[in-house]
Amino acid sequence: MNRARCDDLDYIQFLIAAQAVFSNTEAARCDPRVGAERPAHDAYTRLLRRQPPDSAALWAEVQGCIALQEGMLVLDDSTLDKPYARAMALVTSHWSGKHRAVVEGINLVSLVWTAGDARYPCDFRLYDKTHDGLSKNDHFRQMVAGAHERGFRPELVAFDSWYASLDNLKAIRGHGWTWLTQLKSNRLVRLDGSGNRPLAETLIGRTGSVVHLKGYGWVQVFKIAVPHGGIEFWATNDLTMRLESLADYVARLWHIEEYHRSLKQFCGVERAQHRSAVAQRNHIGFALRAFLRLEYYRLHSGVSSFEAKARIVREAIRSYLAKPLYTLPSTA
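Just so it is clear, the model here is predicted, and its values are computed rather than measured.

## As for the nonpolar core
Ranked by size, the top nonpolar core spans 89 residues in total, and within it Leu-108, Phe-152, Phe-159, Leu-263 and Ile-284 carry the most contacts. In terms of residues, this core owes the most to one element, helix α10 (residues 277-301), which gives 9 residues. Once you skip the residues sitting within four places of it in the chain, Phe-159 turns out to touch Leu-75, Phe-140, Ala-164, Leu-169, Ile-172, Trp-179, Leu-180, Thr-181 and Gln-182.

Take a look at the structure:
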């Protein structure tokens, strides 16, 4: 058997450097090797098809960058836009917070560890219930259980109201962890021995109130006014949490949005042109590993991902200007 002409790092470094086109053909064209050592685009195609489509490689790289006994675990999903896909695997209809509408795309569920200014993805799943029979909540519980097996002992696990089902809350409690989430206004709670009623009709104190969540048990609930006149209900199984601590945790939750934006803007995660499910899964896995490198570089150099990508382009432009390809004959 002939040896592989390209490997994981070749494709990951291509994703970091590429600006607009993220295809196997472009990866081959950009490869700096020459002659017989230079891989053809088929070599990159085979790379994306032969790798096992799981998150083990991501964990192998990220575990040296995090502290298992510190920080928060944040779980959220994002839709990778595929508006023109007609024959691409994994593409289904999903709600997009970016477009505020249901769009066609691939749903990526990520588990992100964050402490201080760091935001490192530790695990991920792709929603594909048609073929694997798993819902987003099934993926949620699998990733939480996997994090527990890997030795995580976070300050808390945070997620939005989509994942605030009783089964999910009980699963986290079963691992001995603290959770923080939003609850929808129609969730039934009991206060002061009265019957169950929706949160929206329950008197919540200015600094929070301990209430009985139907089907779960006692939780601490905070009622927070948000811009444009909205109300959010935040809940936790930490009955001693103070309002100041809640505000700090909610501010840190924004890191998951920064992670999603950087992953899409700088790593080409949603721009792959592959049709097969295994190639899409591996491309997305490689994009997360590209993000790891940009994030590590940002934290240790102080250089943003935007500037890091800009430096790559800047050096390429300087090389071109030193010896331009396109010139006209001299008229002198």
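## What about the packing of aromatic side chains?
Taken as a whole, this structure holds 11 aromatic pairs when the rule is applied. With a centroid separation of 6.5 Å and 70 degrees between ring planes, the pair formed by Phe-266 and Phe-306 is classed as edge-to-face. Pair noted here: Phe-266 is in helix α9 (residues 255-267) and Phe-306 is in helix α11 (residues 305-322), with a separation of 40 residues, a long-range link. By relative accessible area, Phe-266 is classed as buried at 9%. Where Tyr-320 meets Tyr-326, the ring centres are 6.5 Å apart and the plane angle is 45 degrees; that geometry is what we call tilted. Taking NZ or CZ as reference, Lys-136 lies 4.7 Å from the ring centre of Trp-162, over its face. A cation sits over an aromatic face here: Arg-173 above Tyr-216, 4.1 Å from the ring centre.

## What about α10?
For α10, built from 25 residues, the straight-helix expectation of 36 Å at 1.5 Å per residue is met to within 8% by its first-to-last C-alpha distance of 36 Å. Backbone geometry just after α10 places Gly-302 at a positive phi near 80 degrees.

## Re the pairing of strand β1 (residues 72-81)
Looking along a regular strand, one sees the side chains alternate between the two faces of the sheet. Of all the 10 residues making up β1, 10 are buried; the element is thus mostly covered by neighbouring parts of the structure. Burial of the side chains of β1 extends over both faces: Met-72, Val-74, Asp-76, Ser-78 and Leu-80 are buried on one face and Leu-73, Leu-75, Asp-77, Thr-79 and Asp-81 on the other. Relative to strand β3 (residues 101-115), β1 runs antiparallel, the two being bridged by 10 bridges. Each residue of the ladder has a partner; that of Asp-77, found in β3, is Val-109.

## Let's talk about a nonpolar patch on the surface
Side chains of Ile-317, Tyr-320, Leu-321, Leu-325 and Tyr-326 sit close together on the surface and give an oily, nonpolar patch of about 600 Å² of accessible area. Relative to the elements of secondary structure, Leu-321 occurs in helix α11.

## Some remarks on the pattern of salt bridges
Enumeration over the complete set of coordinates arrives at 21 salt bridges. Here Glu-258 and Arg-119 are joined by a salt bridge, their closest N and O atoms 2.9 Å apart. In this pair, Glu-258 is assigned in helix α9 and Arg-119 in strand β4 (residues 118-126), connecting sequence segments 139 residues apart. Linking Asp-128 and Arg-281 is a salt bridge whose minimum nitrogen-to-oxygen distance equals 3.7 Å. With Asp-128 in the loop between β4 and α5 (129-132) and Arg-281 in helix α10, the pair connects residues that are 153 residues apart, well separated along the chain. On the accessibility criterion, Asp-128 (10% relative accessible area) is buried. Salt bridges here are not isolated pairs; linked through shared partners, they connect Asp-117, Arg-119, Glu-258, Glu-295 and Arg-298.

## Regarding helix α6 (residues 136-149)
Relative to the 20 Å expected for 14 residues at 1.5 Å per residue, α6 spans 20 Å between its end C-alpha atoms, a close match to the ideal helical length. Within α6 the residues assigned to the buried category are Lys-136, His-139, Phe-140, Met-143, Val-144, Gly-146 and Ala-147. Along the axis of α6, the buried residues cluster in a sector spanning 160 degrees; they form a single face. The inward-facing, buried residues of α6 abut β1, β3, β4, α5, β5 (157-159) and α7 (166-174). In the stretch just after α6, Gly-151 is the one whose phi turns positive, near 100 degrees.

## A look at the packing of helix α1 (residues 8-17) against α10
Geometry of a packed helix pair, given as the angle between the helix axes and the separation of the axes. For the pair α1 and α10, the least separation of the axes is 9 Å and the interaxial angle reads 70 degrees. Taken together, the axes of α1 and α10 lie roughly perpendicular to each other. Remark: the crossing between α1 and α10 carries right-handed chirality. Mapping the contact onto sequence places Asp-8, Leu-9, Tyr-11, Ile-12, Gln-13, Leu-15 and Ile-16 in α1 and His-283, Phe-286, Ala-287, Arg-289, Ala-290, Arg-293 and Leu-294 in α10. Taken together, the residues of the contact of α1 with α10 break down into 9 nonpolar, 2 polar and 3 charged.

## Thoughts on the state of the cysteines
A full pass over the atoms with the stated rule returns 0 disulfides. In this structure Cys-65 is not part of a disulfide, and its nearest cysteine sulfur, from Cys-122, lies 9.5 Å away. Using a relative accessible area of 30% as the deciding quantity, one classes Cys-65 as partly exposed.

## Notes on the pairing of strand β6 (residues 179-183)
Along β6, 4 of the 5 residues are buried, which leaves the element largely enclosed by surrounding structure. Note that β5 and β6 share 3 bridges and pair parallel. Of the residues in β6, the one forming a bridge with Phe-159 is Thr-181. In this view, the connection linking β5 to its parallel neighbour β6 by way of α7 has right-handed handedness. Inspection of the sheet shows β6 paired to strand β11 (residues 230-236) by 4 bridges, in the antiparallel sense. Looking at the pairing, Gln-182 lines up with Trp-234 of β11.

Conventions adopted
Residues numbered from 1 in each chain as written. Predicted model: local features only at pLDDT ≥ 70, side-chain atom pairs only at ≥ 80, totals over all residues. Heavy atoms only, no water. Core = buried A, V, L, I, M, F, W, Y, C linked by side-chain atoms within 4.5 Å. Buried < 20%, exposed > 50% of the residue type's maximum accessible area, 1.4 Å probe, protein only. Helix = DSSP H or I, 4+ residues; strand = E, 2+ residues; numbered from the N terminus. Contact = heavy atoms within 4.5 Å. Phe/Tyr/Trp six-rings, centres within 6.5 Å; stacked < 30°, edge-to-face > 60°. Lys NZ or Arg CZ within 6 Å of the ring centre and 35° of its normal. Expected span 1.5 Å × (residues − 1). Pairing = 2+ DSSP bridges. Patch = residues over 30% accessible without salt bridge, like charges linked within 9 Å, V, L, I, M, F, W, Y side chains within 5 Å. Areas by Shrake-Rupley, 256 points an atom, 1.4 Å probe, with all protein chains shown as cover. Salt bridge = Lys/Arg side-chain N within 4 Å of Asp/Glu carboxyl O. Arc of directions from axis to C-beta. Axes fitted to C-alpha atoms, helices over the stretch in contact; angles between N-to-C directions. Parallel < 35°, antiparallel > 145°, perpendicular 65-115°, else oblique. Left-handed = near helix turned anticlockwise from the far one by under 90°. Nonpolar A, V, L, I, M, F, W, Y, C, P; charged D, E, K, R; others polar. Disulfide = S-S within 2.5 Å. Right-handed = clockwise from strand over helix to strand, strands pointing away.

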